[in-house]
Structure formats: structure tokens, C-alpha cells
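Next come the chains, spelled out residue by residue.
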Amino acid sequence: MTTTSLAVLVPLLPFLGAAAGLLLGRTAPGFVRPLAVLPALAALVLAALVAVRQGGGPPIVAHTELTPTGSVPIELALDIDGFAALVAVLVAFVAGCVQIYSTGYLRDDPRYPSYAALVSLFTSAMLLVVYSGDLIVLLVGWEVMGICSYFLVGHYWETPEARAASLKAFLVTKLGDVPFLIGLFALGTDAGSFQITRVLGAAASGGIDHPTLIALLLLAGVAGKSAQFPLHTWLPDAMAGPTPVSALIHAATMVAAGVYFIARLLPVFEASQAAMVVLAVMAAVTMTGSGLAALAQDDIKRVLAYSTIGQLGYMTGALAVGDRGAAVFHLLSHGAFKALLFLAAGVIIHAAGTNSLAAMSRMSHLRDRVPDAYWTMTVALLALAAIPPFSGFFSKESVLGAAEHVATGHTDHAPGAAGWIVLVAGLLAALLTAAYATRLWLLAFRGKGAEAPDHGRQPLTMTVVLWVLAVPSLAFGGLAYRSLPAWFDGRDLTPTLLTSVLGTGLALVGGLLTYGAWQRTSALAARVPAAPAPSFEWEHLQGEAAAHPEGDASLVEAHALADHEPAYRDLAHAPDPGRLLLGPLYRHAAVGFHLDAVYSALFVRPVQAGASLVRFLDREVVETYVAGAAALPRLLGAAVRRAQTGNVQTYVSALLAGAVVLTVTVLLVATGA
């Protein structure tokens, strides 16, 4: 079978699995799990074969015209270079892990068939984005992911949090997709084609007439899809969905799509120095702001959500300094340890019966109840904090090294200002990342108080996946940084001495500061009683799901999300090192620096006011005219109806009276009176 045929099957198999799962979900439920898992694993095998055959060599290109348009053609096209080949392997690998994990996590969920089918469709859409050689076909996968995220984030639709989160994710990403669509059409018009190879050729020859405008329009869509400032606010709220969905979205699909899109079209963005600086500023604000916000979150999944935003900021920062190899290297590394973080968090939430870090900090020996999640999450957090030799160290240092080269003038791929912005923000984010990673680990696993409840071992399908993901989280970076340049642009990804020392040193400082703050706050918290009491009356705290921990993990999570309340009457006395480190900034960081309130004031309320005005005009003005137009004929009809009595004498009397009136009128006119 040719490589092109194999590549076509990679996104096609999950799509067929999704279709079959939806059709057979109710009539043949025994086929649902095989139809969820096997297509994902088959896609992984085929993607690996495509990657081996591509081997970092010339791109595999194939295309055929989809339909005549009369102007710019739309084609079914494949364009598989080293970037696409490796990213497709990541997507299929994470999707396979998520599907296997979900068979245990949602084993008793009545909506599992539709969930599994949507995950398969989500996977297929992302693989279409990765392999597509035509921008319009890429747009199809881009939008299908958006609608899949809407349904998956709203999986627990009984809870208002899930309904609101799914709607917010859809609307915010669509807000970015409108200028993104305009930018795609403008780019295709300037280049004379939507085929990516021709677009890149036009960019290299200076054939793009409006590079800055097009780049900024495309950046709006990327900011929405990849949750970058200022359109990042949907991602923390999207944690209302099932934890495996969070792993898929954060590690390998939706949020990675924007970064991958810029990496594929980087020459288009490099044609505008202004766009590169804007991209650098966006990355810097995203990295630092998300790091501060993560330090103040009580929900374990929201901490991980803000960490994703920050790590995506590193990737866009690498793109801002013109090094897409470093960006995709970090995307691959991040995909493994972020999937592991979320899936381990799902195990912890099930064991603790809550997603509150404050509540977990009042449980002792939680780590003994979930040893697999404890050890694997420790590995993933070390990778997130970029501690050598874990994979995150090598990929993050490749980003900082690229920024250093641009800042010091060793390369002219991007403006020097962009290099300095990314470098300074990246070093500050390294400190913040280590701080919130340490805080999460301490609060979740070093709690003091009543014994954590013993729910027994987790299903094997969940724990095995954690250890599978732990391998690349530990070893991928160290094994790959020498070989990946041959797959990418050939630029060296070896960590530089200066940024390695600075980055690792700041990470250690962040971790040690957080540990010291935790010791101090724990001593203070020990003097203050918690509410509820450390005996943890689970029926009262977390409802029926926590009272029956042997039940479905997804059910426990749904109740934990719905019933999430602060575990302390006075949160100032909770053992939270983030409160001590951030000081007065804490309450602002906890609510995402009030961006939701700003957007509500600038956009939501004006739109609602306009809708209220339109509703008033429709009901009070338009309907009044409509009602009046109907009332006048009705009144006239009523008057005429009164004359129709059916009495012959009345009709004759009226006729005679009329005749008399007419006779008198004629005589008066004739006599001139």
C-alpha cells in the first residue's frame, strides 16, 4: 500500500469508528468499546508507518480537485512533512490512550456511546488538520473540532457549569474564527490558491499583498483555538467536561491546532515584522498571566488548564522568534506530560471525591490510596516544571535558546524585540510554572488531617495508561532533541548553557519558595478548624457519588464539579502557599484578573441590552402596528355585521329611508337650494 493511501486512512478510520459507534450505540452496545479503541490504535499504527516512510525527507504531496469554483480552486490535498508526520503520531497516541482510559473512567455512563463517537470524530478532525494540504479542507477539520468540543465539554449537561462552559467555549472560539475565515480567504486570493505549498511559495516570492493584515486576522483565530490572550478565558471553564476530554483537548487536539497552523504557515507570518512582535507580546502576556492565575486556583483541573495556556504561550513564543522546530518539539513533549497530568488528576478526583486542592490538603495519605497516580503525576509535574532530565526541560530550553539567539542578534528570523520579549517572559514563566506545579503536588499529596477514603484500586485500563504516558514524559526530550532537527528545519535544538542555567535555577527557586510558603501556611492552618470537619462527612460534602465511591469515576467527577465549594469558612487560613506568594494579587489572579467581568461589561451586557431593545421594539411597536392593522378591519366588520339582522321589515324600512334621502337630495340639488 502506498504512503498516500496509508495517510488517507489515518483520519478516515476514526471517522468511520465515530459513524459506526453512533449507529450501533443503542442497538449493539457490546461493539461500542471496540469501535472506540480499535480505530484509534489502528490510526496510531498507520500514522507511525507514515512517519517512518516520510523519515524527515521531502514532503509527501498529493492532491486532486474537489470541486470547480470558477476562481481559486479547492482541492483534496495531502502535504505531509516531518512536522505533520510526528504531530499525527502524537494525536493518534494520545487519542488511543484517552479512549482506553475512558473505557474504565466512564464504564457506567449511559452516554458513553455518544461520548466515544465524539472523541473519535474529534480525533479524525485533528488528523485532517494535520495532514491537509489545502486551507479550506483544513478549515473543515478546524470547525468540526469546535462543534465536538461543544458537545464533549457539555457532557454533564445536567449541571449548569457544564452547559455554561460548553456555550462559552463555542462562542469565544467562534469569535476568533470569524476574522480567521476572512484571513484565509484573503490569503487564498493573494496567493491564487488555497494549497499550502503554493501559499508558502507566494509568501517566499513576496506575492502576498497584505501580509500584516492577513497575519493579524489569522492570529485572532489562533488565539481563540489555542486559548491565547485575550481569547483564553474559555479553557479554564471547559474543565466542567469529563477529565479524559480535558486530556484530549489540552494535549493533542483543539488547542494544539492553532500552534500547528502557525508552524505550517510560518513564512506568511514572517513576512510581517509587526505580526511577529504582536505574536511575541501575545505569548509573553499569556505565559506570565496564566502562571499567576494557576497559583491561585483551588480546582486541580483549573490549575492544569492555566498551565496549558502557559505552555502554549511557550510554543507561540518560539514561533514569534521564527523557530517552528522548537515550537513543535515543545508541542510533542507537552502533549505527553499534559495528557498524563489530566488523566492522573481524574484518578485523584475519584479517590478524593473532590476536585478542591484545599479539601485534599486536609486529607492524609491520599498518595497511598492512588500510588500509580502519585508517581506518574510526580513525573509529569517535574516535566512541566522543566527539571532535567525530564522531557519538558529539553523542549522548553529549545524555546528559550531560540529566543536568546534572536535577542542577541545571532539570527535574523525575527525582530530582536520579539526575542527579548519572549526570553524575559519565558524565564519568568519558568519560575511561576515550577511554583504552581510544586503547590499542586504539595496540596494534593502532602495533606494533613483525616485519612483519605480507601476506594480500592483503580481499573487497570486507567492505571496502565498512566504508566504508558509516563515513559515519554520522562525520556522523550532527552532522546529526541538530537534527532528531531532532521525532521524539522535542521536547526539545532540542543539546550544552550545560559538559558539552561537561568531556566533551571529559576525553576528551583520557584519550587523552594513554594515549599517554604507551604510549610508556613500549613503551620498557621493547623491552628484553625476546617469546615467541614476533618472527619469528612462525604454524603454531605460531595453527595451521593462520594458516598458510593465504588461507582463510575465520571459520576464522582460530575458531582464533585457540581458540589464544589471551598473547604474552609475562611480561605485566608487554608494552607495555600499561593496566597502567601501572591499577596494582594491573589484574589485577582483567582478570578483570572477579572477578564470575564471586562468582557461581560464590554460585550455581553451591550449585546444583551441591544437584544432587550430589539425585543421591546418587536413586542411594543411592531406588534402594536400589526395588532392595529388587524383591529381596524375587525371593527368595520363588526359595524357591518350589526346591519345584517335577517329581518325583511328592517331591510325594507332602510331601503325606503334611503330612497327618501336620495329623493330629497336630488330635489335640493335641482332647485339650487
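Check the entry above for the structure.
The notes below deal with the structure included here. None of these values were measured; they are calculated from a predicted model.

Quick word on the pattern of salt bridges
Scanning all chains against the criterion turns up 9 salt bridges. Between arginine 324 and aspartate 489 there is a salt bridge, with the nearest N and O atoms lying 3.1 Å from each other. With arginine 324 in helix α15 (residues 324-352) and aspartate 489 in the loop between α22 (484-487) and α23 (497-525), this pair connects stretches of sequence that are 165 residues apart. Taking the relative accessible area as the measure of exposure, aspartate 489 reaches 39% and is therefore partly exposed.

Here's the deal with unusual backbone geometry
The bulk of non-glycine residues show a negative phi, and the bulk of peptide bonds are trans. The step from phenylalanine 229 to proline 230 runs through a cis peptide bond, and the omega angle for that step is 10°. As for its placement among the helices and strands, proline 230 is situated in the loop between α8 (211-225) and α9 (234-237). The omega angle of the peptide bond from proline 388 to proline 389 is 5°, so this bond is cis rather than trans. Of note, proline 389 is situated in the loop between α18 (371-384) and α19 (391-407). Positive phi values are uncommon outside glycine, yet alanine 386 reaches one of about 60°. Mapped onto the elements of the fold, alanine 386 is located in the loop between α18 and α19.

A word on the nonpolar core
One recurring pattern in soluble globular proteins is that nonpolar side chains are buried together. Core analysis: the largest hydrophobic core is formed by 193 residues, its most contacted members being Tyr131, Trp234 and Phe261. Counting residues per element, this core draws most heavily on α15, which supplies 19 residues. Once residues within four sequence positions are removed from consideration, tryptophan 234 is found in contact with Lys168, Ala169, Val172, Thr173, Gly224, Lys225, Ala227, Ile249, Met254 and Val255.

Considerations on the pairing of strand β2 (residues 74-80)
With 6 of its 7 residues buried, β2 lies for the most part within the structure. The pairing of strand β1 (residues 60-67) with β2 spans 7 bridges and is classified as antiparallel. Residue pairing across strands places threonine 64 opposite leucine 76, the latter belonging to β2. Between β1 and β2, which pair antiparallel one after the other, the connecting turn spans 6 residues, and glycine 70 there sits at a positive phi close to 85°.

Some details on the side chain of threonine 433
In this structure, threonine 433 sits in helix α20 (residues 416-445). The exposure class assigned to threonine 433 is buried, which follows from its relative accessible area of 3%. Excluding anything up to four places from it in sequence, threonine 433 contacts Gln311, Leu384, Ala385 and Lys396.

Concerning the state of the cysteines
Going through the model one piece at a time under the given rule, you end up with 0 disulfides. Of the cysteine sulfurs around cysteine 148, a residue in no disulfide, the closest is that of cysteine 97, at 20 Å. Taking relative accessible area as the criterion, cysteine 148 reaches 1% and is therefore assigned buried.

Considering the packing of aromatic side chains
Within the structure shown, the criterion is met by 17 aromatic pairs. Between tryptophan 142 and phenylalanine 261, the ring centres sit 5.8 Å apart and the planes meet at 65°, which makes this aromatic pair edge-to-face. Within this pair, whereas tryptophan 142 is found in helix α5 (residues 135-153), its partner phenylalanine 261 is found in helix α11 (residues 254-264), the two being separated by 119 residues in sequence. For phenylalanine 261, a relative accessible area of 1% gives the class buried. When the ring of phenylalanine 394 is compared with that of tyrosine 481, the centres are 5.1 Å apart and the planes differ by 10°; the resulting orientation is stacked.

What counts, and where the lines are drawn
- Residues numbered from 1 in each chain as written.
- Predicted model: local features only at pLDDT ≥ 70, side-chain atom pairs only at ≥ 80, totals over all residues.
- Heavy atoms only, no water.
- Salt bridge = Lys/Arg side-chain N within 4 Å of Asp/Glu carboxyl O.
- Helix = DSSP H or I, 4+ residues; strand = E, 2+ residues; numbered from the N terminus.
- Buried < 20%, exposed > 50% of the residue type's maximum accessible area, 1.4 Å probe, protein only.
- Core = buried A, V, L, I, M, F, W, Y, C linked by side-chain atoms within 4.5 Å.
- Contact = heavy atoms within 4.5 Å.
- Pairing = 2+ DSSP bridges.
- Disulfide = S-S within 2.5 Å.
- Phe/Tyr/Trp six-rings, centres within 6.5 Å; stacked < 30°, edge-to-face > 60°.

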